[in-house]
Amino acid sequence: MFGAITKRDAEDRFLAEDEVVLTFDDGPVPWVTGPILDTLDAFCTKATFFPVGRMAINRPALVKDILARGHTIGGHTWSHPNNLRRLSHEKAIDQIERGFAAVALAAGTDIAPFFRFPGLNDSDELLDYLQGRNIASFTVDVISNDSFISNPKAIADRTLRLATSQRGGILLFHDLKRPTARALPAILAGLKARGFKVVHIVPKAPAKPLATLDAELQPILAKAKPSALVPIYGSPAQARTREGERPEITTLAPEPRSRSRETQASAADASATGQP
């Protein structure tokens with residue numbers, strides 16, 4: 001679990017001071033995600049997207065375009081129930097897995113084993129499950145509040161103020177509403193003027209969606225709405241410094257955690273019997 005806004009045990013902050021990660025939830029939608037991608041291109045900046053599964057599988061061309069431009073894509077459930085803890089464990093797991101399977105089908109290639117809880121409503125039991133599936137969970141440090149603020153300047157001012165006071169962190173936006181896209185140029189210009197550096201998160205290995213869901217999801221993909229967007233597919237863009245070099249890479253390898261009572265009890269029993 002990476003990021004500060006959580007009641008669970010989180011990993012140590014991996015960002016240095018004045019470093020930020022850009023993240024976008026809940027899309028994609030062409031009239032917002034498209035302009036966001038163009039702005040990120042204009043600033044030579046990479047981000048991480050957490051699409052909702054049913055949104056992604058209905059806009060496969062847009063998902064492919066996100067990847068073709070060199071960004072990272074993870075999962076954000078199938079239909080965005082705002083609090084997975086209110087669902088049964090089985091239904092919550094289905095939301096997680098169906099979301100990953102839908103995004104991967106839309107992408108037509110590997111996606112990252114990165115997950116964000118809708119509403120940031122996590123739980124120890126579901127974090128245990130994600131850890132068992134080699135999926136990292138990302139909460140946030142700075143909430144732009146773009147879900148509730150309709151004024152682009154207000155979104156930009158709030159984001160820059162909080163990022164400055166916290167000396168960086170994981171920033172939360174949504175590629176779902178036009179004010180976010182309109183605020184992004186001022187946000188990126190403001191971050192640059194304040195000396196911030198954008199960090200791009202990339203996976204060491206791809207997510208492994210459950211193949212058992214493909215048969216249910218393929219008919220939805222086949223009916224996907226045609227998109228006016230016609231991206232040129234190929235190898236994803238590779239990030240480079242101004243000098244043309246590949247950027248420095250820091251590898252994250254936190255130790256596994258025992259979070260839920262059931263997992264902690266199993267670990268205690270194994271320790272007592274001398275089992276690995």
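Only a predicted model underlies this, so the values are computations on that prediction, with no experimental measurement involved.

A short note on the confidence of the model for the protein
- Across the protein, the average pLDDT comes to 90, with 88% of residues at 70 or higher.
- Note on residues 228-236: pLDDT is under 50 here. Beyond four places in sequence and across chains, it has 13 contacts.

Quick notes on the environment of Asp110
- Locating Asp110 in the fold gives a position in the loop between helix H4 (89-107) and strand E4 (114-115).
- Spatially, the C-alpha atom of Asp110 lies 9.7 Å from that of Leu67, the residues being 43 residues apart in sequence.
- Ignoring any residue separated from it by four or fewer positions in sequence, one finds Asp110 in contact with Leu67 and Pro206.

As for the packing of aromatic side chains
- A complete count under the given rule lists seven aromatic pairs for this structure.
- The interplanar angle of 85° and the centroid separation of 5.6 Å between the aromatic rings of Phe2 and Phe14 together place this pair among those described as edge-to-face. Note that Phe2 is positioned in the segment before strand E1 (19-25) and Phe14 in the segment before E1, a separation of 12 residues in sequence.
- Look at Phe14 and you get partly exposed, because its relative accessible area is 22%.
- For the ring pair Phe115 and Phe117, a centre distance of 5.0 Å and an interplane angle of 80° mean the geometry is edge-to-face. Each member of the pair Phe115 and Phe117 is classed as buried.
- Chaining the aromatic ring pairs together yields one cluster made of Phe2, Phe14, Phe114 and Phe138.

Here's the deal with the pairing of strand E7 (residues 168-174)
- With seven of its seven residues buried, E7 lies for the most part within the structure.
- Sheet topology places strand E6 (residues 142-143) next to E7; two bridges connect them, and they run parallel. Across the sheet, Val142 pairs through a bridge with Leu171, a residue of E7.
- Handedness of the crossover joining E6 and E7 through helix H6 (residues 152-165) is recorded here as right-handed.

What about the packing of helix H1 (residues 30-42) against helix H3 (residues 60-68)?
- For the pair H1 and H3, interaxial distance at closest approach is 11 Å and the crossing angle is 15°. In terms of orientation, H1 lies roughly parallel with respect to H3. Crossing of H1 over H3 shows left-handed handedness. Only Leu62, Asp65 and Ile66 of H3 make contact with H1, whose side of the interface consists of Pro30, Thr33 and Leu37.
- In terms of residue class, the contact of H1 with H3 is built from four nonpolar, one polar and one charged.

Digging into helix H5 (residues 124-132)
- Buried within H5 we find Leu126, Leu127, Asp128 and Leu130.
- Asn134 sits one or two positions beyond H5 and adopts a positive phi of about 60°.

Some details on the pattern of salt bridges
- Taken as a whole and assessed by the stated rule, the structure comprises 15 salt bridges.
- For Arg167, the salt bridge goes to Asp18, with nearest N and O atoms at 2.8 Å. Within this pair, whereas Arg167 is found in the loop between H6 and E7, its partner Asp18 is found in the segment before E1, the two being separated by 149 residues in sequence.
- Among the residues examined, Arg167 registers a relative accessible area of 36% and is labelled partly exposed.
- Taking the shortest distance from any N to any O, the salt bridge between Lys153 and Asp157 comes out at 2.7 Å. With Lys153 and Asp157 both in helix H6, this residue pair falls four residues apart, about one helical turn.
- A relative accessible area of 37% means that Asp157 is categorised as partly exposed.
- Ionic contacts of the salt-bridge type, sharing partners, join the residues Asp38, Asp41, Asp65 and Arg69 into one network.

Regarding the side chain of His76
- One can find His76 in the loop between strand E3 (72-73) and H4.
- His76 sits in the buried class, given a relative accessible area of 1%.
- Within the structure, the side chain of His76 is placed 2.9 Å from the side chain of Asp26, a separation counted as a polar contact.
- Within the structure, the side chain of His76 is placed 3.4 Å from the side chain of His80, a separation counted as a polar contact.
- Filtering out sequence-adjacent residues up to four positions away, His76 remains in contact with Asp25, Asp26, Phe50, Pro51, Val52, Phe115, Arg116, Phe117 and Pro118.

With respect to the nonpolar core
- Grouped together as the largest cluster of nonpolar side chains are 49 residues, with contacts concentrated most on Leu22, Phe24, Leu40, Phe49 and Leu191.
- Only E1, H1, H3, H4, H5, H6, E7 and helix H7 (178-193) provide two or more residues apiece to this core.
- A total of eight residues in this core trace back to one element, the largest contributor, which is H4.
- Contact partners of Leu191, with chain neighbours within four places excluded, come to Val20, Leu22, Leu160, Ala163, Leu171 and Phe196.
- Judged by nonpolar contacts, the second largest core, of 12 residues, contains Phe2, Val21, Ile170 and Leu172.

Cut-offs used in this document
Residues numbered from 1 in each chain as written. Predicted model: local features only at pLDDT ≥ 70, side-chain atom pairs only at ≥ 80, totals over all residues. Heavy atoms only, no water. pLDDT = per-residue confidence, 0-100. Contact = heavy atoms within 4.5 Å. Helix = DSSP H or I, 4+ residues; strand = E, 2+ residues; numbered from the N terminus. Phe/Tyr/Trp six-rings, centres within 6.5 Å; stacked < 30°, edge-to-face > 60°. Buried < 20%, exposed > 50% of the residue type's maximum accessible area, 1.4 Å probe, protein only. Pairing = 2+ DSSP bridges. Right-handed = clockwise from strand over helix to strand, strands pointing away. Axes fitted to C-alpha atoms, helices over the stretch in contact; angles between N-to-C directions. Parallel < 35°, antiparallel > 145°, perpendicular 65-115°, else oblique. Left-handed = near helix turned anticlockwise from the far one by under 90°. Nonpolar A, V, L, I, M, F, W, Y, C, P; charged D, E, K, R; others polar. Salt bridge = Lys/Arg side-chain N within 4 Å of Asp/Glu carboxyl O. Polar contact = N/O pair within 3.5 Å; in protein donor to acceptor, adjacent residues only side chain to side chain. Core = buried A, V, L, I, M, F, W, Y, C linked by side-chain atoms within 4.5 Å.

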